[in-house]
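So you can see what is in the structure, the chains are spelled out below.
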Amino acid sequence: MIGHLCKYVPVEIFAGFHEDIVQIMPHVDNYSHAEDKIHMNTCAFIKAILQDFVENDYEGIVLSNCCDSNKRLYDVLKDMYPDKFIYFIDIPRKTNHSAIHLYAYQIHQMIDAYSVYSHKTFDIETFKNYILCHQSNIKKPQKKDDDISIGLLGARCHQGVYNLLENLNVHITYDLTCTDVSRNYQLKDFSFESYAEALLKQLPCMRMVDNYQRLKIIQQNNKVDGLIYHTVKFCDNYSYEYALLQNKISSPILKAETDSTNQCEGQIRTRVEAFVESLKAKQHITKTIQRKSDDKMYILGIDSGSTSTNTVIMNQNKEIVAFDIVRTGAKSGDSAMKAKENVLNKAHLKENDIDYIVSTGYGRVSIPFADKNVTEISCHGKGAVYFNPLVRTILDIGGQDSKAIALNDKGDVESFVMNDKCAAGTGRFLEMMARTLEVDINDMGPMSLNWHKDIKISSMCSVFAESEVISLIAQNYEKSDIAHGLHYSIASKAVGLMKRVGINGVCMMSGGVAHNIGVVKAVEDQIGNELYICDEPEIVGAVGAALFGFEELLK
């Protein structure tokens, strides 16, 4: 089996050799093999491809000149596997007559190279039949009435994103990613010139000179509900296009950036699900009916986070009957069961008294007793407006991530941003720093308010910041000054997220870090306004989950 990466690669040629060729969609957990052979700062996607190639039994690979990282990958694989078919094809960036003639020549060269490697003869008739059969079988899925329609753009997209969109009943109106290899052949004949022209004149990627057609297609398909822009970290070509679209397109855009490992799927899932939920809210898909206020109803919302698992029970009047917070242990499912039992006991209810259960948070999909799960982005929006209808901006700093959310007056999410997989500026970060300072995490906030020397913590990486704090301790700086410096750095990172969604209306802070008065004060100083914090900021997501339960029951 031969692998390839680029949609411009003449994959149909290998049908003429009766060989299978597949687009490599890397599914790797780490870069252990790749970083033995290639620099750790190389493009994450290229490292994932190298890792995948080492882990799987490919006969060879066809690479192209789409970027310098591909060229480096070719050099490494050629050295690692001298007996495999490691081929590099030079794809022109233009589509004029000279480029077409040059690419037809490149295709001939590849045929000759594979003939020598495999000792097989290229069968032109099989090649023709493959193209005819492939073209006749192209089918586009039809949009259903309730489907959300999106445009998918950007660099190579993980298969998990496609599966997720399908499960969410999202219709992909157009796919402008490098992943889409569906051909719409318009061959004048079956000459290699005509074939090369068809390849070069397909929907252009960002490396092609005539990539302006991409913007034209997006503007013509302006009836999509939103755009999902998938990028690989530090892929400059697509970063430029994303920046352009922000100024040219009025449709909501979600930027989903990955490092091409399986571990990024959790955060991509949260982002995509929250984006789709916000699009559905704007479409007003959910229809509600009135219910008699004297009908007893109990809804349980459960927020399974990385640090704590929070539960709330609300009655038919949307009043909080009871809530509970437990520490999330090694198994989120076990913590969820414990939290459910605790809150039922506090409410003096039995499990069969509960009409509906909605889960949220990173562990939401691991809670078997939940009737529905909703992302924490949407739940924090609902919960925030429940506590204060004037809230328009939320800063949520949890144990594992930080997020800023912009709301409309109904509590629907207008936009949101999240930090990446780094723990910088989160509850885990604070716990690590408290241990380093040898202070109780609950004392760290009040202690920092008594600072005297304004210390700047230059690094927000948990590992580097710890080293920096150890160095400051060695220089005999006061713990209160160090704690203030840490809180100020966390606030700077958090306020940066808030500015990206826009700081409007009443600003609310939720999550466990909202208990830290030092961080709260640092954020307030930097935004020049007071933050609204409810009595128990850790249950905002769980309250939002319960409110979504009401919507489900009242459909």
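Conventions used here
- Residues numbered from 1 in each chain as written.
- Predicted model: local features only at pLDDT ≥ 70, side-chain atom pairs only at ≥ 80, totals over all residues.
- Heavy atoms only, no water.
- Salt bridge = Lys/Arg side-chain N within 4 Å of Asp/Glu carboxyl O.
- Buried < 20%, exposed > 50% of the residue type's maximum accessible area, 1.4 Å probe, protein only.
- Helix = DSSP H or I, 4+ residues; strand = E, 2+ residues; numbered from the N terminus.
- pLDDT = per-residue confidence, 0-100.
- Contact = heavy atoms within 4.5 Å.
- Axes fitted to C-alpha atoms, helices over the stretch in contact; angles between N-to-C directions.
- Parallel < 35°, antiparallel > 145°, perpendicular 65-115°, else oblique.
- Left-handed = near helix turned anticlockwise from the far one by under 90°.

What is the right way to read the pattern of salt bridges from this model?
All told, the structure shown has 18 salt bridges when counted by the stated rule. For the salt bridge of Lys 201 with Glu 197, the shortest nitrogen-to-oxygen distance reads 3.0 Å. Lys 201 gets classed as partly exposed once you look at its relative accessible area, which sits at 48%. What makes Glu 197 buried here is its relative accessible area of 17%. Residues Arg 327 and Glu 431 are paired through a salt bridge, measuring 3.2 Å at the closest nitrogen-oxygen approach. Of this pair, Arg 327 sits in strand 11 (residues 320-327) while Glu 431 sits in helix 13 (residues 427-437), placing them 104 residues apart in sequence.

I'm lost on unusual backbone geometry in this one. Help?
Glycine aside, residues mostly have negative phi, and peptide bonds are mostly found in the trans state. Positive phi, close to 60 degrees, is recorded for His 18, a residue that is not glycine. Structurally, His 18 can be placed in the loop between strand 1 (2-4) and strand 2 (21-23). Its identity is not glycine, yet Asn 169 carries a phi of approximately 60 degrees, on the positive side. Structurally, Asn 169 can be placed in the loop between helix 6 (159-167) and strand 6 (170-177).

Which parts of the structure should I look at to understand the confidence of the model for the protein?
For any part of a model where pLDDT is low, the fine detail of the predicted coordinates should not be relied upon. Residues of the protein with pLDDT of at least 70 account for 92%, and the chain-wide mean is 86. Scored below 50 in pLDDT, residues 285-293 makes 13 contacts in the model with residues more than four places away or belonging to other chains.

Teacher, can you tell me more about the packing of helix 2 (residues 44-55) against helix 3 (residues 68-80) here?
The relative placement of two packed helices comes down to the angle between their axes together with the axis-to-axis distance. At a minimum axis separation of 10 Å, helix 2 and helix 3 run at an interaxial angle of 25 degrees. Judged by the angle between their axes, helix 2 and helix 3 are roughly parallel. The two elements helix 2 and helix 3 meet at a crossing, and its hand is right-handed. Each of Ile 46, Ile 49, Leu 50, Phe 53 and Val 54 in helix 2 lies in contact with helix 3, whose residues at this interface are Ser 69, Asn 70, Leu 73, Val 76, Leu 77 and Met 80.

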